[in-house]
Amino acid sequence: ATSPNNDNPISYVEGIAIFIIVFLNAGIGAFTENQAAGALEALSKLSQPKATVLRGGEEVDIPSVNMVKGDVVLLGVGDIVPADCRLVVADD
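Residues numbered from 1 in each chain as written. Predicted model: local features only at pLDDT ≥ 70, side-chain atom pairs only at ≥ 80, totals over all residues. Heavy atoms only, no water.

**Points about the overall build of the protein chain**
Across its full length, the protein chain holds one helix and three strands. The order of helices and strands in the protein chain, counted from the N terminus, is α-β-β-β. Radius of gyration (C-alpha) of the protein chain: 29 Å, far over the 12 Å computed for a compact globule of 92 residues. Dimensions along the principal axes, computed over C-alpha positions, put the protein chain at roughly 90 × 25 × 20 Å. Each of the 92 residues in the protein chain was classed as buried or not, and the buried ones make up 8%. Sequence separation of 24 or more characterises 2% of the internal contacts of the protein chain that already satisfy a separation of 6 or more. Accessible area for the protein chain stands at about 8200 Å²; split by element, carbon and sulfur atoms hold 60% of it. Here the protein chain contributes 5 positively and 12 negatively charged side chains, and the mean placements of these two sets differ by 14 Å. (Helix = DSSP H or I, 4+ residues; strand = E, 2+ residues; numbered from the N terminus. Rg over C-alpha atoms; globule rule 2.2 N^0.38 Å. Buried < 20%, exposed > 50% of the residue type's maximum accessible area, 1.4 Å probe, protein only. Contact = heavy atoms within 4.5 Å. Areas by Shrake-Rupley, 256 points an atom, 1.4 Å probe, with all protein chains shown as cover. Lys, Arg positive; Asp, Glu negative; His and termini not counted. Charge placed at Lys NZ, Arg CZ, Asp CG, Glu CD.)

**Focus on a nonpolar patch on the surface**
Together, Tyr 12, Ile 16, Phe 19, Ile 20, Phe 23, Leu 24 and Ile 28 make up a nonpolar patch on the protein surface, roughly 780 Å² of accessible area in all. Looking at the secondary structure, you find Ile 20 in helix H1 (residues 13-47). A relative accessible area of 44% means that Ile 20 is categorised as partly exposed. (Patch = residues over 30% accessible without salt bridge, like charges linked within 9 Å, V, L, I, M, F, W, Y side chains within 5 Å. Salt bridge = Lys/Arg side-chain N within 4 Å of Asp/Glu carboxyl O.)

**Let's talk about the layout of surface pockets**
Once rolled over the atoms, a probe with the size of a water molecule shows which space is left empty. Within this model, the largest pocket holds a volume of roughly 500 Å³. Lining the largest pocket are 16 residues, and of these Val 73, Cys 85, Arg 86, Leu 87 and Val 88 lie nearest its centre. (1 Å grid on protein atoms, 1.4 Å probe; cavity = no way out; pocket = protein on both sides within 12 Å on 5 of 7 lines; lining within 4 Å. Points joined across faces, edges and corners; volume = space filled by probe spheres on them.)

**Quick notes on the environment of Lys 45**
On the secondary structure map, Lys 45 appears in helix H1. A sequence separation of 43 residues divides Lys 45 from Val 88, and the C-alpha atoms of the two residues are 30 Å apart.

**Things to note about the sheet that holds strand S3 (residues 72-74)**
Taken together, three strands build an open sheet; the order of strands is S2-S1-S3 and the sheet is antiparallel. Looking at strand neighbours, the two that pair on one side only are strand S2 (58-63) and S3, the edges of this open sheet. Sheet twist, expressed as the average angle between the axes of neighbouring strands with direction ignored, equals 45 degrees. Here strand S1 (residues 50-55) runs beside S2; their pairing, made up of six bridges, is antiparallel. From the neighbouring strand, Leu 54 faces S2, where its bridge partner is Glu 59. (Pairing = 2+ DSSP bridges. Axes fitted to C-alpha atoms, helices over the stretch in contact; angles between N-to-C directions.)

Next comes the structure, spelled out in structure tokens:
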């Protein structure tokens with residue numbers, strides 16, 4: 001309260017209102033940033049292609065980044081080719 005009436009409680013209302021608005025703005029900003037981080041993480045999980053490969057005679061679903069040379073990739077209708085592959089057998 002910079003006014004000459006420092007004893008008047010109404011002179012503090014403007015400062016208190018500004019403090020509350022800034023506090024609410026910071027809370028809303030933190031909440032939306034947290035939600036955005038969660039959405040970004042979920043989106044990155046969706047964009048990582050998975051591959052079905054034959055390892056040790058068994059079909060295994062793995063992230064495509066874990067594929068190694070020599071993996072036999074099994075593809076079905078509508079599957080995304082997870083890496084550069086050599087086509088060995090194809091059925092219509």
